[in-house]
Every structure is written in structure tokens, then in C-alpha cells.
Amino acid sequence: MQYSDEELVERCGAGDEESFRMLVERYQDRVYHIVYGIVGHKGEAEDLSQEVFLRVYRFLHCFKGKSRFYTWLYRLTVNVCLSAKRKRKNEPGKILSLANPSKHDDDPGEMELADESLSPLKVLQNREMAETIKFAINSLSEVLKSTFVLREFEELTYEELARVFRCSRGTIKSRLSRAREQLRRKIEPYLNGVV
Amino acid sequence: MSCKKWKKKLSSYLDNEVSYRERLKIEKHLKSCPACFNEFKQLERVHRLVQSIQPEKPRPGFYERLSERLSQEKLTLREKLVGWRYSWQLSFPRVGKIAVAISAVMLLSVSFYIWRSSISYEVNIKVFEEEYLRSQQMNSFVGELALPVFFEIK
């Protein structure tokens, strides 16, 4: 049986561990993708995604159902990422970013572009382009990046984004416009080959 | 409107987050302004590229690893509770526990006594007046009779 988010949340509140598992499995990929988009490191993305769900487990009783569950979850996700970033800034010698992907086996630091074409040249071009995009996204400020990632990866509407970031729709509009403009300028030289 | 202002609207136009009237205005401007049109096409390409990035997925067994962390957290909580009980046992041996219990009973008794004694007695003026007038009419002192009436326990 397919339960809605709200039903699962209610069952979790009643202490049903199975509902919590279903909730995690429903959102784990999306949360991970967002976290990876913001922090840019696979190992850390795993750790922070788990931290997000640990917080969900701890604070689910605070969710009153006034908004959709996923906006609450995404808000939690963004908060976890931003506070991790802040902590990392204060730790010298531990600077990881999309621009400096880890060489660890577990984390090849590659984000490939989905393409049906399998020619080696195309794959190489795609990887290069993916690296360029990663670099460009990573160069955005934390707030612009998280707004952009939620819009592009999760396709949240401006209204939903405003609820996640607790700001006005106009602020979201302006953030996305600035983020896109900065990205466009950064990858402009590479855009000619893209149709 | 200057091109700078139009360009600011391109992002929300791309996301289809503009009103119908605004959409028409933007489209009209894009038809007449090659610079803005070119910029819009570039934004479209950026959007398409970002959209084509394959979503990252966590390694298999994500829930199992999370579950492990959760059980560790629960264990920590249990350890804290057990630790509290342990410290209670350590700091209060058997004789000490009896002393604590006696003190608690004494404290409760004293509190109850203080509470009872704080109950006030008030003079019922109306009843007193009636009795006084009646005694005046009878031209006699009826203090003994009036006393239990005008002191009323609240």
C-alpha cells in the first residue's frame, strides 16, 4: 500500500519504525542529490544525508503539517548543509569542494551528463562539460547555490522555495536570476557547442 | 524599459514563473532585441546542461547504515538513563535512601501544615450587622450568639 507523506509522518509519530524506513527510502536519493549538489563531496554527502534523516527522526514531532513534508525536509537539508559548510570553513586544512574533487576510490568526483550518445569523444566532452558546470555551480555563494540546486534538481516552484528559505517570492526570483547570470558568464565560452 | 531590467526577468520567464501579460511583454521584447534573445538562449542552454546531469545516488544500504547510527543514538540515550540510575545508587546507599525518604515525608508534612495555616477566616460583615441590629433592638448583648455566625470559614 502506498501511503502519503503525511500518513507516514503520522504513523512515525505513533512509533512505527517501518513507516520511518519508508519515508527514508522515499527521499534518500533526492536528499542525497541535493546535499551532493551543495557540498560537492560524496563521502560528506553520505554523512550529511544521514544527518538529515537523524534530525528528521529527532524532530519529526515538531512537524505540525502546516506545510508539505518535503518543504520541511528540504529546509532541514539546506540547514544541515549550510551549517556543515560553516563548520568546515572554521576547520583549516579540510577544504573540499566540487572544484577540488577528492581522489578517494569511493569518490571519483565525477558527475556525468546523461546522454544517449556513447562515442568516446562525446563521453569525454560530456565529462569536461560536467566538470565545468560543477566548477561553476560550486563558485556560487552558499545561499545562491542551495536555491539554484533546489530549483534545478527538485524543480520546486518559487512559492515552495520561498517557504523552504522563509523569504519572499521576490527574493527567490532575484537569487535565481543572479545564480543563472553568474553561471552563464562562467560557462559562456563552452556554450557554443551546446545546442 | 532598459535591457538590464528585461534581462533580470529572463530567469523567471525560463521557469514559467511570470504572469501571462508579463510573458507576452517579454516575448515581444525578445523578438525585437537580439542581445536579450541571445542571452536568453544561453540561459536555456545552461538550464538544459544542469538538467542533464545524472542524479547522484547514495551507496546501496543507506537505510541500514542510518539504522545503525540511529541505534547508536538510542543506545547513548539508554546509557545516559542507566548512568543516571547508577549515579543515584552510588550517591545514595541504602541508609541514605531511607534518610532521603524520611526527609521527603517531613518536608511534605511541613508544607501541608503551612498551607493549612494559611487559610484565612473572614468576618461576614452582613451577618454581623444583622446580629448587631437585632441585639440593639433586643437591647441586650448577644455576643455569645453572634460569634459563631459572623466568623465564617472560607
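Starting from 1, residues in each chain are numbered consecutively following that chain's sequence as written. Labels are handed out in written order, letters beginning with A for the chains and numbers beginning with 1 for the ligands. Per-residue local features of the predicted model are confined to residues with pLDDT of at least 70, and side-chain atom pairs are confined, for both listing and counting, to 80 or more; whole-chain, interface and lining totals are unaffected and use all residues.

Comments concerning the overall build of chain B
Numbering of helices and strands runs from the N terminus; a helix is a DSSP stretch of H or I covering at least four residues, while a strand is a stretch of E covering at least two. Helix and strand content of chain B: seven helices and two strands. Listed N to C, the secondary structure of chain B is α-α-α-α-α-β-α-α-β in terms of helices and strands. Residues counted as buried form 10% of the 154 residues belonging to chain B. Contact between residues is assigned whenever the C-beta positions, reconstructed from backbone atoms, fall within 7 Å. Across chain B, the fraction of contacts at a sequence separation of at least 24, relative to all contacts at a separation of at least 6, is 49%. To sort residues by burial, count the other C-beta atoms lying within 10 Å of each one's C-beta; a count of 20 or more means buried, 12 or fewer means exposed, and anything in between means partly exposed. C-beta atoms are built from the backbone.

Comments concerning the nonpolar core
The nonpolar core is taken to be a set of buried Ala, Val, Leu, Ile, Met, Phe, Trp, Tyr and Cys residues joined by way of C-beta atoms within 7 Å. Grouped together as the largest cluster of nonpolar side chains are 51 residues, with contacts concentrated most on V35 and I133 of chain A. Per-element tally for this core: the top contributor is helix α2 (residues 17-39) of chain A, with 11 residues. Not counting residues up to four positions away in its chain, the partners in contact with I133 of chain A are I187 of chain A together with L49, V50 and I53 of chain B.

Looking at helix α1 (residues 3-14) of chain B
Here the expected span of a helix is defined as 1.5 Å times the quantity of residues minus one. Compared with an ideal rise of 1.5 Å per residue, which puts 12 residues at 16 Å, α1 of chain B spans 16 Å between its outermost C-alpha atoms and is within 8% of the ideal. K9, L10, S11 and S12 of chain B are the residues of α1 of chain B that are buried. Considering only its buried residues, α1 of chain B is in contact with α8 (169-187) of chain A together with α2 (20-32) and α3 (34-51) of chain B. Positive phi appears at N16 of chain B, one or two residues downstream of α1 of chain B, with a value of about 60 degrees.

Here we look at the packing of helix α3 (residues 42-59) of chain A against helix α4 (residues 69-89) of chain A
Packed helix pairs are characterised by how far apart their axes lie and by the angle those axes make with each other. Residue and element names in this part refer to chain A. Angular values range over 0 to 180 degrees, each being the angle between N-to-C directions of two axes fitted as lines to C-alpha atoms, with helices fitted over their stretch in contact. It is at 9 Å that the axes of α3 and α4 come closest, and there the two elements cross at 130 degrees. Looking at the two axes, α3 sits oblique to α4. Crossing angle aside, the handedness with which α3 passes α4 is right-handed. Contact residues: α3 offers L48, E51, V52, R55 and V56, while α4 offers L73, L76, T77, V80, C81 and A84. Note that Gly is not counted as nonpolar here; it falls among the polar residues with everything else outside the nonpolar set of Ala, Val, Leu, Ile, Met, Phe, Trp, Tyr, Cys and Pro and the charged set of Asp, Glu, Lys and Arg. Residues belonging to the contact of α3 with α4 are distributed by class as follows: eight nonpolar, one polar and two charged. Angle categories: roughly parallel below 35 degrees, roughly antiparallel above 145, roughly perpendicular from 65 to 115, and oblique for all the rest. Left-handed describes a crossing in which the near helix is turned anticlockwise from the far one by less than a right angle; the clockwise case is right-handed.

Here's the deal with the interface of chain A and chain B
The partner chain B presents 26 residues to the 35 residues of chain A that form the contact. Elements represented by at least two residues in the side of chain A that touches chain B include exactly α2, α3, α5 (120-138) and α8 of chain A. Sorting elements by how many residues they give to the side of chain A that touches chain B places α2 of chain A first, with eight residues. Taken together, the residues of the side of chain A that touches chain B sort by class into 19 nonpolar, five polar and 11 charged.

Re unusual backbone geometry
One non-glycine residue with positive phi stands out, namely E155 of chain A, at about 50 degrees. For E155 of chain A, the location among the structural elements is in the loop between α6 (142-154) and α7 (158-165). A residue is classified by how many C-beta atoms lie within 10 Å of it, and E155 of chain A, with 10 of them, is exposed. For N16 of chain B, which is not glycine, the phi torsion reads 60 degrees and is therefore positive. Among the secondary structure elements, N16 of chain B is positioned in the loop between α1 and α2.

Quick notes on the confidence of the model for chain B
When the pLDDT values of chain B are averaged, the result is 78; 72% of them are 70 or greater. Under the prediction, the complex receives an ipTM of 0.76, its pTM being 0.67. As a per-residue quantity, pLDDT reports the predictor's confidence and falls between 0 and 100.

Some points on the packing of helix α1 (residues 5-13) of chain A against α2 of chain A
Residue and element names in this part refer to chain A. The N-to-C vectors of α1 and α2 enclose an angle of 140 degrees; their axes lie 7 Å apart at closest approach. Between α1 and α2, the angle falls in the class oblique. In this structure, the crossing between α1 and α2 has a hand that is left-handed. Contacts between α1 and α2 involve L8, R11 and C12 on the former and, on the latter, S19, F20, M22 and L23.

Section: the confidence of the model for chain A
Per-residue confidence for chain A gives a mean pLDDT of 81, with 79% of residues at or over 70. Below pLDDT 50 for its whole length, residues 93-110 of chain A participates in 26 contacts with residues either more than four positions away or in separate chains.

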